[in-house]
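One letter stands for each residue in the lines below.
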Amino acid sequence: MSRPHRPETPPKRPRPRLYLVTLPGSDGRFVPTLRAALAAGDVAAVLIWTDAVDAGIALPAVEPLVTAAQAAGAAALVRGDTRLVGRAKADGFHADGTFDELATAITDLAPARIVGAGNLRSRDDAMIAGEAGADYVFFGNLSPGATTGNGRDLLLERAEWWQALFEVPCVVMASTLDDVGPLARAGADFVALRDAIWNAPAGPAAAVQAAEAAIATAMIEVAA
């Protein structure tokens, strides 16, 4: 998950990719659903969401999802306990706690594994995370049922601001499929989706296809 160095005259903007977040409590029973979504489009990464803070407790639920994501060519990311990265053979860690957690993850895992930074409540938080060495910054609130921090206007502003100034990629949360195109146009390097995919009336595969179509349309508009 990287963005090429941006020279003074920016090149054609790379096409944003999808970043899926599993539902809380997902385990091996979720594998068929995850596989169907991954097969439907260009998914760069899957954040496997577990609320367990102990690697030993989380491992049985997380390991089959890591395997499924990697088999589809997506990076498998975990959260909660950095030891879970090695035990589950994941590709990286999503730090959404304190800056101390982020610093520890970077020290323990980088550069061999991806370390992303979430729970960024301000521009200053994002800049601190980027300067600390995070491989990506995540804009949006992933707490189950969260509404604060996921407003479209706020996230569009964050994507536009970050894309114009920084080289570290940004992942931006789309609460609905209708948000995908605007976020792609605004400059998100990766568009994150959770409920909009897994709870879609037509099913996850159709939702991924719709998100891909929205990104394609947005990039045509950006290039025009």
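My aim in this report is to walk through the structure given alongside it, one point at a time. Keep in mind the model is a prediction, meaning the values are calculated, not measured.

### Description of the overall build of the protein
- When helices and strands are counted, the protein shows nine helices and eight strands.
- In terms of overall dimensions, the protein is globule-like: its C-alpha atoms have a radius of gyration of 16 Å, near the 17 Å expected for 224 residues.
- Overall, the protein is about 50 × 40 × 30 Å in size when its C-alpha atoms are taken along their principal axes.
- In the protein, buried positions account for 50% of the 224 residues.
- In the protein, of all internal contacts separated by at least 6 residues, the share reaching a separation of at least 24 is 62%.

### Structural notes on the packing of helix α4 (residues 99-109) against helix α5 (residues 123-132)
- The geometry of α4 relative to α5 is characterised by a closest axis approach of 10 Å and an angle of 20° between their N-to-C directions. Considering the angle they form, α4 stands roughly parallel to α5. Judged by the sense of rotation from one axis to the other, the crossing of α4 with α5 is right-handed. Facing α4, whose interface residues are F99, L102 and I106, α5 presents D125, I128, A129 and A132.
- Class assignment for the residues of the contact of α4 with α5 results in six nonpolar, no polar and one charged.

### Regarding the side chain of D189
- By the element assignment, D189 lies in the loop between α7 (180-186) and β8 (190-193).
- A polar side-chain atom of D189 sits 2.9 Å from the main-chain amide nitrogen of C170.

### Brief notes about the sheet that holds strand β6 (residues 136-139)
- With parallel pairing, the eight strands of this closed barrel are ordered in space as β1-β2-β3-β4-β5-β6-β7-β8. Between one strand axis and the next, the sheet turns by 25° as a mean value, whatever way the strands run.
- Alignment of β6 against strand β7 (residues 170-173), held across three bridges, turns out to be parallel. Each bridged residue has a counterpart across the sheet, and for F138 the counterpart in β7 is V171.

### Concerning the packing of aromatic side chains
- Per the stated rule, a full pass over the model turns up seven aromatic pairs.
- Note on W161 and W162: the rings are 5.5 Å apart at their centroids and 70° apart in plane angle, and the pair reads as edge-to-face.
- The exposure class assigned to W161 is buried, which follows from its relative accessible area of 10%.
- Plain terms: the ring middles of W161 and F166 are 5.4 Å apart, the flat faces sit at 75° to each other, and that makes the pair edge-to-face.
- In textbook terms, an aromatic cluster arises when at least three aromatic residues are bridged by ring pairs, as seen for F139, W161, W162 and F166.
- The ring of W49 is capped by R79, whose NZ or CZ atom sits 3.9 Å from the centre of that ring.
- The lysine or arginine in question, R194, covers the ring of W49, its NZ or CZ lying 5.8 Å from the ring centre.

### What about unusual backbone geometry?
- With an omega of 0°, the peptide bond between A110 and P111 qualifies as cis.
- Summarising the element assignment, P111 is placed in the loop between α4 and β5 (114-117).
- Located in the positive-phi region is N119, a residue other than glycine, with phi close to 55°.
- Looking at where N119 falls in the secondary structure, it is placed in the loop between β5 and α5.
- Under the relative-accessibility criterion, N119 is labelled partly exposed at 32%.

### Points about the pairing of β8
- Burial along β8 is two-sided: the residues F190 and A192 and V191 and L193 are all buried.
- Strand direction decides the pairing type here: strand β1 (residues 17-21) and β8, joined by four bridges, are parallel. Across the sheet, the residue bridging to L18 is V191, located in β8.
- Bridge analysis of β7 against β8 gives three bridges, and the strand direction is parallel. Opposite V172, over in β8, you have V191 as the bridge partner.
- Remark: the β7/α7/β8 crossover connection has right-handed handedness.

Rules used throughout
Residues numbered from 1 in each chain as written. Predicted model: local features only at pLDDT ≥ 70, side-chain atom pairs only at ≥ 80, totals over all residues. Heavy atoms only, no water. Helix = DSSP H or I, 4+ residues; strand = E, 2+ residues; numbered from the N terminus. Rg over C-alpha atoms; globule rule 2.2 N^0.38 Å. Buried < 20%, exposed > 50% of the residue type's maximum accessible area, 1.4 Å probe, protein only. Contact = heavy atoms within 4.5 Å. Axes fitted to C-alpha atoms, helices over the stretch in contact; angles between N-to-C directions. Parallel < 35°, antiparallel > 145°, perpendicular 65-115°, else oblique. Left-handed = near helix turned anticlockwise from the far one by under 90°. Nonpolar A, V, L, I, M, F, W, Y, C, P; charged D, E, K, R; others polar. Polar contact = N/O pair within 3.5 Å; in protein donor to acceptor, adjacent residues only side chain to side chain. Pairing = 2+ DSSP bridges. Phe/Tyr/Trp six-rings, centres within 6.5 Å; stacked < 30°, edge-to-face > 60°. Lys NZ or Arg CZ within 6 Å of the ring centre and 35° of its normal. Right-handed = clockwise from strand over helix to strand, strands pointing away.

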